[in-house]
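# Architecture and fold: a report
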Amino acid sequence: MTIAAKPAMRTGSLSQSGRIIKAECLLVAVPFQSDAKPVWSFTSAPKNTFDTLFVRLETDTGLVGWGEAFSRTEDRSLKSLVETRILPLVTGEEARHIGKIKHKLEYGLQNFGRVGPTMYAISAVDIALWDIAGKAAGAPLVDLLGGPFANEVEVYASLLRYDSEDGVAAAVTRAIAEGYRYIKLHEIRYPEIAAACTAAAGKASVMLDVNCPWSVSEALAMDARLSELNLLWLEEPVWPPDDFRGLARVRAEKRHRIAAGENAGSLQDFVAMADAGAIDIAQPDVAKTGGITELMKIAAFCEASAIEFVPHCALFGPGQIATVHLNAAQRTVPLLERLYCHFEAEIYNGATLPVNGRLAVPTGPGLGIEPDQAVIECYRIA
Ligand SMILES: [Mg+2]
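Residues numbered from 1 in each chain as written. Predicted model: local features only at pLDDT ≥ 70, side-chain atom pairs only at ≥ 80, totals over all residues. Heavy atoms only, no water.

The name recorded for the protein chain in an unreviewed UniProt entry is L-alanine-DL-glutamate epimerase, from Rhizobium miluonense.

Put into structure tokens, the structure is as follows:
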């Protein structure tokens, strides 16, 4: 009779991911201090709060994964969509089947939009599943993405819109004093843009994001006028965001490197942009564009297409942390975007705040940092 040794308790195995037994959605809105306004609003008066729309998945092995859907202006309708249309399709699935779950959601919901809220919700589920996978494996997310090229990432201060020369120049000066070496503006008028560039001269590189305000002819005129300012890139100069021919027309002038992609829904949109010759820099958003799974595909496509991969990240929850891991897993270690404003409370107790313009890649399992339950409960609105 052979007596087999009792197998040692395994720690760190994807097989421990388990089956999803609970899926929920939490909408948190935290007030921030700034003398500027967000450029996104669904109402006539922008709120001085930013949303974090959490998706929380729990498995029968006791693991919890956190994801985030892009959300603005206390978006209860998006929360309802997540709860009624997405989460019922996730419950009962094996958490390690990330690609299969993502495909099931995308295929089943294709008629409800390949860009926009449905994809935001799918993105949140994907991020939460990767968090669970990392926790099951006992490894930080970056290790599951091929391992880190850096232990910290450089952060750029993404300023809100000041609409004032003095206001934006003062913000640039403050950001530089805090250690930022890269600053992105959201101004759309020449005097403010020029004032900011003067304030940054010799101390920080400046990018300009105008959020799709112009016709192609207007964009061409501004492209020419801005060319003396030595901007690192010009982001979304043309309305509408999916006018890839229009972007290509501006890019053809070779005055600026053209960045876009935060309004894309999937890899296919980036293929279309590349086919049109529209972009130098691709900016998918992990909480909008299909999550970590899709961004890894887009990164590979960019590498093969002479396009720089620099994810968009106007997020403060699990999406921001996922972007840190994604950026650290790229050989180019792209700059990390962080909106420049100061919150009444920090969801991660300050662990996601840049220091001297840099942010460390978390080393704990999964996303590597857990949200503060007390902050969530205090600022949860739905
Ligand atoms: Mg932008």
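## A few points about the packing of aromatic side chains
Applying the stated rule across the entire model yields nine aromatic pairs. Here Phe32 and Phe343 contribute two aromatic rings whose centre-to-centre distance is 6.1 Å and whose plane-to-plane angle is 70°, an arrangement assigned as edge-to-face. A residue pair is termed long-range when its members are at least 10 positions apart, and Phe32 in strand S1 (residues 20-33) and Phe343 in strand S12 (residues 342-343) qualify at 311 residues. Judged by its relative accessible area of 5%, Phe32 falls in the buried class. The class of Phe343 is buried, set by a relative accessible area of 16%. Three or more aromatic residues link up through ring pairs in this structure, and these residues are Phe32, Phe50, Phe316 and Phe343. Between Arg85 and the ring centre of Phe112, over which it is positioned, the NZ or CZ distance is 3.9 Å. (Phe/Tyr/Trp six-rings, centres within 6.5 Å; stacked < 30°, edge-to-face > 60°. Helix = DSSP H or I, 4+ residues; strand = E, 2+ residues; numbered from the N terminus. Buried < 20%, exposed > 50% of the residue type's maximum accessible area, 1.4 Å probe, protein only. Lys NZ or Arg CZ within 6 Å of the ring centre and 35° of its normal.)

## Here we look at the domain arrangement of the protein chain
Annotation of the protein chain at the domain level lists domain 1 (17-138) and domain 2 (143-372). Together, the buried faces of domain 1 and domain 2 total about 3,300 Å²; carbon and sulfur atoms form 66% of this surface. Three residues stand out in domain 1 for area buried against domain 2, namely Val39, Glu68 and Trp130, and they jointly supply 16% of the buried area on that side. Close ionic contact of Lys102 with Glu294 constitutes a salt bridge, the shortest N to O distance being 2.6 Å. (Domains from an automatic or database assignment. Buried area = accessible area lost by both parts, 1.4 Å probe. Salt bridge = Lys/Arg side-chain N within 4 Å of Asp/Glu carboxyl O.)

## Some remarks on the pairing of strand S4 (residues 152-159)
The buried count for S4 comes to seven of eight residues, which makes it a mostly enclosed element. Of the strand pairs in this sheet, S4 and strand S13 (residues 358-360) are connected by three bridges, and their pairing is antiparallel. From the neighbouring strand, Val153 faces S13, where its bridge partner is Leu359. Strand direction decides the pairing type here: S4 and strand S11 (residues 336-340), joined by five bridges, are parallel. Across the sheet, the residue bridging to Tyr156 is Glu337, located in S11. In this sheet, strand S5 (residues 182-185) lies alongside S4 in parallel orientation, the contact comprising two bridges. Pairing of Ala157 across the sheet is with Ile183, part of S5. Considered for its hand, the β-α-β crossover made up of S4, helix H5 (residues 165-177) and S5 is right-handed. (Pairing = 2+ DSSP bridges. Right-handed = clockwise from strand over helix to strand, strands pointing away.)

## A closer look at the pattern of salt bridges
Evaluation of the coordinates by the stated rule reveals 27 salt bridges. The salt bridge partner of Arg76 is Glu74, with a shortest N-O separation of 3.7 Å. On the basis of relative accessibility, which here comes to 43%, the residue Arg76 falls in the partly exposed class. Between Glu152 and Arg358 there is a salt bridge; the shortest N-O distance is 2.5 Å. Of the two residues, Glu152 is situated in strand S4 and Arg358 in strand S13; the sequence distance between them amounts to 206 residues. Given a relative accessible area of 34%, Glu152 falls into the partly exposed group. Salt bridges linked by common partners bring Lys102, Glu106, Arg114, Glu294 and Lys297 together as one network.

## A short note on the UniProt feature "domain: Mandelate racemase/muconate lactonizing enzyme C-terminal" (unreviewed entry) in the protein chain
According to UniProt, the positions carrying the feature "domain: Mandelate racemase/muconate lactonizing enzyme C-terminal" (unreviewed entry) are residues 165-257. Counted over residues 165-257, helix gives 46% and strand 12%. Its end C-alpha atoms are 24 Å apart. (UniProt positions renumbered as here; feature names shortened; annotations may be inferred.)

## Some points on the sheet that holds strand S3 (residues 64-69)
Taken in spatial order, the four strands line up as S3-S2-S1-S12 in an open sheet, and their pairing is antiparallel. Here the strands that pair on one side only, and so sit at the sheet edges, are S3 and S12. Where strand S2 (residues 49-59) and S3 come together, six bridges link them in antiparallel fashion. Each residue of the ladder has a partner; that of Glu58, found in S3, is Val64. Set on the sheet, helix H11 (residues 318-328) makes contact with S2 and S3; between it and S3 the angle comes to about 100°. (Contact = heavy atoms within 4.5 Å. Axes fitted to C-alpha atoms, helices over the stretch in contact; angles between N-to-C directions.)

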